[in-house]
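Residue-level structure breakdown
Take a look at the letters that make up each chain.
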Amino acid sequence: MALLEHGHVLVLPDLTFDVSEAADVIYADVSDAGVKNVSYNPANGELKGTPLDGTARERLADAVARYSDWAEALVRELLPAYAKGLEKGRTSFRPRAADHNLSKRKDDRRLHVDAFPSNPVQGRRILRVFRNVNPAGEARNWRVGEPFADFAARFLPQTRPMAPGMGAILQALRVTTGRRSAYDHLMLQLHDAAKEHDEYQAHGPRWAADFPAGATWMCFTDSVVHAALGGRYAFEQTFYLPVSAMGDPAASPLRILEAMTGRRLV
Ligand SMILES: [Fe+2]
């Protein structure tokens, strides 16, 4: 828990999650053209981003739902201290290689921390559990960057405070699903500033991290600077966690940014 909270990626190479019964649907061409991921909402069973229908669609949804349950059980077992505050978000299946035709801001091959434009977190942590299910044994290739505090110090001078009333306007227009806080605004600006900075993308600190087929890994993607360069066929489950549920709340991006700016951000 302390390692995760302080920016490490936890890799679990030997866990079992069997997808063989759904292999014919998950390794078929299951995602819509132009859509990055198949997305599943565990709260209502809604599946998006796939042209499949009928039985094939149901079986794909079952496989993603089964991963969602498996990832939740794993987090609850490994990190029991989080159990009370843990909130499950969306699940994704990522069948494609990284898309080369996206704008810099949308290109996850560029180093960034996760921040969601339409889904404000209001300071809550983003914990994600990934699993590489590549049938050909190909690794998933990441780059992992500098500690969050260094990243924030580098890009904070380029950020501007949110205009007064902006959070309410975005919510009223349904641009966001909840109220965008000053924290969300700042995290989005850090995300965008890093992705748009060609010099940082070319020469900023980074290390290669390759996750072999069959590996499971998790990290707080709102504080681990990362880039997903390559690899096909991975599952991902998102969790949200209140800062108060952390062992060391001072390690959260919220508290780090509040200390750096001298402002309350939520
Ligand atoms: Fe990301």
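Residue numbers here run from 1 along each chain, matching the order of that chain's written sequence. Totals for whole chains, interfaces and linings use every residue, but because this is a predicted model, local features are given only for residues with pLDDT of at least 70 and side-chain atom pairs only at 80 or more, for both listing and counting. Calculated side-chain values reflect all of the structure's heavy atoms, with hydrogen atoms and water omitted.

1. A closer look at the pairing of strand S2 (residues 38-41)
Cut-off, in case you're wondering: When a residue's accessible area, from a 1.4 Å probe over protein chains only, is under 20% of the maximum for its type it is buried; when over 50% it is exposed; and in between it is partly exposed. We count a stretch as a helix when DSSP gives it H or I for four or more residues in a row; a strand needs E for two or more, and each element gets its number in order from the N terminus. Pairing between two strands is assigned when DSSP locates at least 2 bridges connecting them.
The alternating pattern of S2 places Val-38 and Tyr-40 on one face and Ser-39 and Asn-41 on the opposite face, and all of these are buried. As paired strands, S2 and strand S4 (residues 87-94) are joined by three bridges and run antiparallel to one another. Residue Tyr-40 lies in a different strand from S4, and its bridge partner there is Thr-91. Pairing of S2 with strand S3 (residues 46-48) involves three bridges; the strand directions are antiparallel. Within the sheet, the bridge partner assigned to Asn-41 lies in S3 and is Glu-46. The hairpin formed by S2 and S3 contains four residues between the paired strands, and Gly-45 there has a positive phi angle of roughly 80°.

2. A few points about the packing of aromatic side chains
The criterion, for reference: What counts as a ring pair is set by centres within 6.5 Å for rings of Phe, Tyr and Trp (its six-membered ring), and what kind of pair is set by the plane angle: stacked under 30 degrees, edge-to-face over 60, tilted for all other angles.
Within this structure, the stated rule accounts for 18 aromatic pairs. Ring centres 5.2 Å apart and planes at 45° place the aromatic pair Phe-17 and Trp-70 in the tilted group. Of the two residues, Phe-17 sits in the loop between strand S1 (10-12) and helix H2 (23-26) while Trp-70 sits in helix H3 (residues 54-78), which places them 53 residues apart along the sequence. Trp-70 carries the same exposure label as Phe-17, and that label is buried. Where Phe-155 meets Tyr-200, the ring centres are 4.9 Å apart and the plane angle is 85°; that geometry is what we call edge-to-face. With Phe-155 in helix H4 (residues 148-155) and Tyr-200 in helix H7 (residues 198-203), the pair connects residues that are 45 residues apart, well separated along the chain. Exposure class is identical for Phe-155 and Tyr-200. Each is buried. Joined through ring pairs, the aromatic side chains of Phe-17, Tyr-27, Tyr-67, Trp-70, Phe-93, Tyr-233 and Phe-235 make up one cluster.

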